[in-house]
Amino acid sequence: GGQYLLTTFGGKARLWRKNAQALQTFSNVSEVTFSPPNSKDPAGGQYMLTTGEGKAKLWNKTGQLIQALKADNTITAAGFSADGQRLSTQGEQQAQLWDSSGQLIKTFGNPENSAGLAAKFSPDGQQILTLGRNELQLWDAQGHLIKTLQSSTSKTDAVFSPDGQHILTYGD
């Protein structure tokens, strides 16, 4: 663990070895997420997701492309489940659930007020939240809607508490 470092600036990201050897440069990147530690990857960081230009790509830790995630919509947010075995993406009015090899499991959701701002797993991996401008939706791990929460103000992001019992939203 700790062998790799990622730097970002101006839509570019660069992956480095800890010894300062540059491995790969990525263009058109707006967000990067590394996989968490899990039973198959105790140190974490075995995989990373990049989003940018409406697309998400799954890479291995040395910067080799595993899969470009093909969705019917523009992908604006992505994340890993706590066990690193599933991925979630969100875009305009749809969210997707993927396996760790980048294969689509399910497309779900169609929030009327969605801007595709967040797609995140709960700490136990049993729920997924998706966030639109004024709406947060909570789904089970199979993509079935549990609850929709409306807000009178615009939100920019949301996170689960470490115990998964609360959701914090923030924005305007």
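Right above here is the structure, for reference.
The paragraphs below set out a description of the structure included in this document. The shown structure was predicted, so the numbers you read here are calculated from the model rather than taken from an experiment.

Conventions we followed
- Residues numbered from 1 in each chain as written.
- Predicted model: local features only at pLDDT ≥ 70, side-chain atom pairs only at ≥ 80, totals over all residues.
- Heavy atoms only, no water.
- Pairing = 2+ DSSP bridges.
- Helix = DSSP H or I, 4+ residues; strand = E, 2+ residues; numbered from the N terminus.
- Axes fitted to C-alpha atoms, helices over the stretch in contact; angles between N-to-C directions.
- Buried < 20%, exposed > 50% of the residue type's maximum accessible area, 1.4 Å probe, protein only.

Looking now at the sheet that holds strand β4 (residues 31-34). Across the sheet, four strands lie side by side as β4-β5-β6-β7; this open sheet has antiparallel pairing. Both edges of this open sheet fall to β4 and β7 (65-69), since each of them pairs with a single strand only. Across the sheet, the mean angle separating the axes of adjacent strands is 20 degrees when strand polarity is ignored. Bridge analysis of β4 against strand β5 (residues 47-52) gives four bridges, and the strand direction is antiparallel. Residue pairing for β5: E31 is matched across the bridge by T51.

Our focus in this paragraph is the sheet that holds strand β10 (residues 94-99). Strand order in the open sheet formed by four strands is β8-β9-β10-β11, with antiparallel pairing between adjacent strands. The sheet terminates laterally at β8 (75-80) and β11 (104-108), the two strands that pair on one side only. Strand-to-strand twist in this sheet, taken as the mean axis angle between neighbours without regard to direction, amounts to 20 degrees. Summarising the sheet, strand β9 (residues 86-91) and β10 pair through six bridges and their orientation is antiparallel. Bridging across to β10, S88 finds its partner in L97.

Most of strand β13 (residues 127-131) sits out of view: four of its five residues are buried. As defined by bridge partners, strand β12 (residues 118-121) adjoins β13 across four bridges and the pair is classed as antiparallel. Looking at β13, one finds that K120 is bridged to L129. Sheet analysis places β13 next to strand β14 (residues 135-140), joined by five bridges and oriented antiparallel. Pairing of T130 across the sheet is with Q137, part of β14. The hairpin turn running from β13 into β14, its antiparallel successor, is three residues long.

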